[in-house]
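Remarks on the overall topology
Take a look at the letters that make up each chain.
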Amino acid sequence: MERRAQQKKNPKRRAEKEAKRAGANTTEADVGLGAGNGEEGEAVEGKVAEAARAARETACYMYHVCYSRLGRYNEGLEIYIRMLNSGLLPNEYAFGSVLRSCAESGLLRTGAQLHGSIVKLGLVQNVFVDSSLITMYAKNQNFETAIGVLRRMKEGDVFSWTSLVVGFSNSGRALEALKLFSQMLEEDIRPNEYTLTSVLKACTSLEDLKEGCQIHGYAIKTGFEEDTSVRISLLRLYAEIGDVSSARSVYDRSAICDVILCTAMIGGYAQTGRMELAIEIFLQMLVEFEILPNEFTFANVIAACADVGDCRCGTCFHSFALKTGHAYIVHVEGALIDMYAKSGNLKDACKVFENMEEKEAISCSSILAGFSSNGYDQEALKFYSTLHRSSVTPDPFALASATISCAKLAHQLQGKQIHVQIIKRGHESDNCVASALIDLYSKSGSIEDAHRVFEQLVRRDRITWTSMIDGYAQHGEGRKALELFECMIEEGAQPNEVTFVSVLYACSHAGLVKEGLRYFHLMSSNYGIVPVLHHYACVVDLLGRAGQLEEALQFIKRMPLEPSPLIWKAFLGACRIHNNLDMGIYASSRLLEMEPEDDATYVLVANMYAAVGRWSDALVVRNLMKNRGVRKAPGFSWIEVGKSFHSFGAGDTIHPQIELIHKALDELNFEMKKTGYVPETVFSLHDGDEIEKEKILSYHSEKLALGFGLIATASGSPLRIFKNLRICGDCHNALKVISLIRSRTIVVRDVSRFHHFREGKCSCGDY
DNA sequence: ATAGGGTTAG
């Protein structure tokens, strides 16, 4: 019921869809448009002539009513054909209308035929007709002809110039729109509010704040700032850049508030995670301005709840939308799915999806993104496979989300199957998809395949660059990551804050201290990016790993931001590597004040005590942890063999082939010792006799996974092992030896990075 | 009686 009521409220969109569908079914050749061929040589006189003209005018008027009021472009076309058949000649208005139909329905050939008729009838050089022609060609992506029409005009006016600016801007050709705009100014044609909205939109998509501010100045000077559309475009510009306070001041200065302006403001707050302020505007709109929200308003305000994962507020808006009849509109449903998924309420997310009348690709991508970006990767893949069997075609975003889930789970095989779908559907060169694929291959251990995807891209954007840089960084190839960064700059791509996290990470994991510090400073001085906690944590890690613990500590103390747990964790990790117990204790006490529930801190400190043999202190920490009810996350490792995954916990005995695995590992241990390998029992972290410690070490989860890999795969083939925690120092040493004596390449991804073991060495250089 | 403003994702 509610759904139907809503459809009535929104006839334009439905009509547009209808027109599109019908347009697709009409063969353009069948229409056989053409005017000016009819030769009514007979001269009609008096009343008959008058009646004919009246009829023609009526036809033109009906035309207009059809297309403009209802958006029924196709029916407009039919009337046009009837008009021709009854021997009437279209005038400039009829041409304008019918060209509009062609523009909206993608009928380029028909439009071009009309263009021919217009020339025949001598209607060129009519500003009205020419503007319509420009719009028609631009909407159909034929910019060459559109530019030709404008150049041919003796006197272009605001309409014709603006039509082309709009055409560029709406087709994502923002730079060309801005260029045309400045040419327009040079030719002394004064832009109006329509031109300004379009160029502001272009600035927004380019994130060109400088140009946008100049246009803002121009709008204030000319008074066009008062126009609501211009205001909304300005608001959008500032919101997109992330400057919500400027967006708010545009909003506050507005004398007139309509639903779109309010919605845009809510959207601005939603984008920056300011749920309370978004709700404040929503209420102001409702109570103070007495404006009713529409589907966009709901989508935005629900998105604001989604951003902070506030399911309670989100649910309120859901029931509100049910009452107003906006709940079953696809974008609202998408926002609801997103909101429920982000707040971890997967059940309601799925419920909304199940109730959708039309399960569009867009909502599938919402739910998939919701799952995958919230850590529900298994669920995402399960959902994807049901999708795959249904009639819904996943769009690039859905494919990207599924790929990202595979990447996080390191399910390379399943990822490859999605890759096949991506190729089949021709989405390979989509940057969003490509960056997911790069992530997939690098996270599942095949950096070469990641690079292959990257190389094939024709147009690379900052995200694909960043993914590739991050891939090299994760694999410890710091130099390659930095080279790639320099290439990125050379090709004119703008790095963002994420890019710099990867760059700094690359430096810290490759021991490039000098370079890392240089990039850290470059980031703000050259690229205007204000470092956030993540960047500071990278620098702490950079200094700390290199053994410059004192410098790292000074750096933390000089930070303009309050050090977060992330910072202290980086520092504590460094203390552990360099066995600096005093500083480690200092860092851990900071950490335990902030996050007494985090198991990793206790474990790290206990390990540090154990490493220097202070077993009783280690025990104190372990007991403290126990008393506070904190449990250590169990470590486990897994390996992909054939089509399935085999996962192992430390000392696991569940696997059906566990006896064979133990036998293989024992043999290996024996051979390893012959090469001079000595188990580093300090990593055993339990007090006890040496034999006991050794036994525990040799059955660590990563070793069990390795043992299985060795017996289950052909000799010489590479092995890829994944671990949910950090690889232990002894296993690291052991794997080096094993890679040599078994002639295997072993790739291990632990929680923080990749290790490539080859011929007795590891890519991390033991760093 | 020609044109413009707002939604999902990484």
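The residue count restarts for each chain, going from 1 along the sequence in the order it is written. Written order decides the labels, with chains lettered from A and ligands numbered from 1. Reporting in this predicted model follows two pLDDT cut-offs: at least 70 for local features of residues, and 80 or more for side-chain atom pairs to be given and counted; totals over whole chains, interfaces and linings ignore these cut-offs and use all residues. Calculation of side-chain values draws on the structure's entire complement of heavy atoms; hydrogens and water are dropped beforehand.

1. What to know about the pairing of strand β2 (residues 644-649)
Strands are labelled as partners when DSSP assigns at least two bridges between them. Secondary structure elements are taken from DSSP: a helix is a run of H or I of four residues or more, a strand is a run of E of two residues or more, and numbering for both begins at the N terminus. As defined by bridge partners, strand β1 (residues 636-641) adjoins β2 across six bridges and the pair is classed as antiparallel. Across the sheet, F636 pairs through a bridge with G649, a residue of β2. Linking β1 back to β2 in an antiparallel pair, the connection comprises two residues, with G642 at a positive phi of about 60°.

2. Side note on the packing of helix α18 (residues 295-307) against helix α19 (residues 311-324)
Only the stretch in contact is used when a helix axis is fitted, and all axes are lines through C-alpha atoms; the angle between N-to-C directions ranges over 0 to 180 degrees. The geometry of α18 relative to α19 is characterised by a closest axis approach of 8 Å and an angle of 165° between their N-to-C directions. It follows from the interaxial angle that α18 and α19 lie roughly antiparallel. Here α18 and α19 pass one another in a crossing that is left-handed. Listed contacts from α19 to F298, V301, I302 and C305 of α18 are C313, G314, F317, F320, A321 and T324. Angle categories: roughly parallel below 35 degrees, roughly antiparallel above 145, roughly perpendicular from 65 to 115, and oblique for all the rest. Handedness of a crossing is defined here by the sense of rotation of the near helix relative to the far one, left-handed for an anticlockwise turn of less than a right angle and right-handed for a clockwise turn. Contacts: residue pairs with any heavy atoms within 4.5 Å of one another.

3. Re the protein's contact with DNA strand B
Surveying the vicinity of DNA strand B reveals 36 residues, the closest of which are F159, D227, I232, H331 and F397. A single heavy atom is enough: if one lies within 4 Å of a molecule or strand, its residue is considered near that molecule or strand. Here the atoms of DNA strand B within 4 Å of the protein split so that 30% fall in sugar or phosphate, with bases taking the remainder. Counted as a polar contact is a pair of N or O atoms within 3.5 Å, where, for protein atoms, one must be capable of donating a hydrogen and the other of accepting one, and residues adjacent in sequence contribute only when both atoms are in side chains. For DNA strand B, a base nitrogen lies 2.4 Å from a polar atom in the side chain of D227. A distance of 2.7 Å separates a base nitrogen of DNA strand B from a polar atom in the side chain of N294. Amino acids outside the nonpolar list (Ala, Val, Leu, Ile, Met, Phe, Trp, Tyr, Cys, Pro) and the charged list (Asp, Glu, Lys, Arg) are all regarded as polar, and Gly is one of them. Of the residues belonging to the surface near DNA strand B, the class tally is 14 nonpolar, 14 polar and eight charged.

4. Things to note about the pattern of salt bridges
A side chain of one charge can pair with a side chain of the opposite charge when the charged atoms of the two come close. Each reported salt bridge corresponds to a side-chain nitrogen of Lys or Arg within 4 Å of a carboxyl oxygen of Asp or Glu. Taken as a whole and assessed by the stated rule, the structure comprises 24 salt bridges. Between D130 and R152 there is a salt bridge; the shortest N-O distance is 3.6 Å. Within this pair, whereas D130 is found in helix α8 (residues 127-139), its partner R152 is found in helix α9 (residues 143-152), the two being separated by 22 residues in sequence. Think of it in three bands: with a 1.4 Å probe and only protein chains considered, a residue is buried below 20% of the maximum accessible area for its type, exposed above 50%, and partly exposed in between. Note on D130: relative accessible area 0%, which makes it buried. Here R452 and D449 are joined by a salt bridge, their closest N and O atoms 2.7 Å apart. On the criterion of helical spacing, the pair formed by R452 and D449 is a turn pair, its members being three residues apart in helix α27 (residues 447-456). Among the ionic contacts, a cluster of salt bridges with common partners joins R100, E104 and K139.

5. Regarding the domain arrangement of chain A
An automatic or database domain assignment is the source of the domain bounds shown. Assigned domains within chain A: domain 1 (410-579) and domain 2 (642-762). With both sides pooled, the region where domain 1 packs onto domain 2 buries about 1,300 Å², and carbon together with sulfur makes up 49% of that total. By buried area we mean the combined loss of accessible area, with a 1.4 Å probe, across both parts when two parts are placed together. A per-residue breakdown of the area domain 1 buries against domain 2 is headed by A410, Q474 and H475, which together make up 28% of the total. Applying the counting rule to domain 1 against domain 2 returns zero salt bridges. Sorting the residues of the side of domain 1 that touches domain 2 by element identifies α25 (412-424), α26 (431-443) and α30 (497-510) as the ones contributing at least two each. Of the residues in the side of domain 1 that touches domain 2, the class split is three nonpolar, 10 polar and three charged.

6. Focus: the pairing of strand β4 (residues 746-749)
Side chains I746 and V748 project from β4 onto one buried face, and the interleaved V747 and R749 project onto a second face that is buried too. Between the parallel pair strand β3 (residues 719-723) and β4, the chain is carried across by helix α41 (residues 729-741), and the sense of this crossover is right-handed. Alignment of β4 against strand β5 (residues 754-758), held across four bridges, turns out to be antiparallel. By the bridge assignment, I746 is partnered in β5 with F757. Between β4 and β5, which follow one another and run antiparallel, lie four residues. If you view a crossover with the strands going away from you and the path from the first strand over the helix to the second runs clockwise, you call it right-handed.

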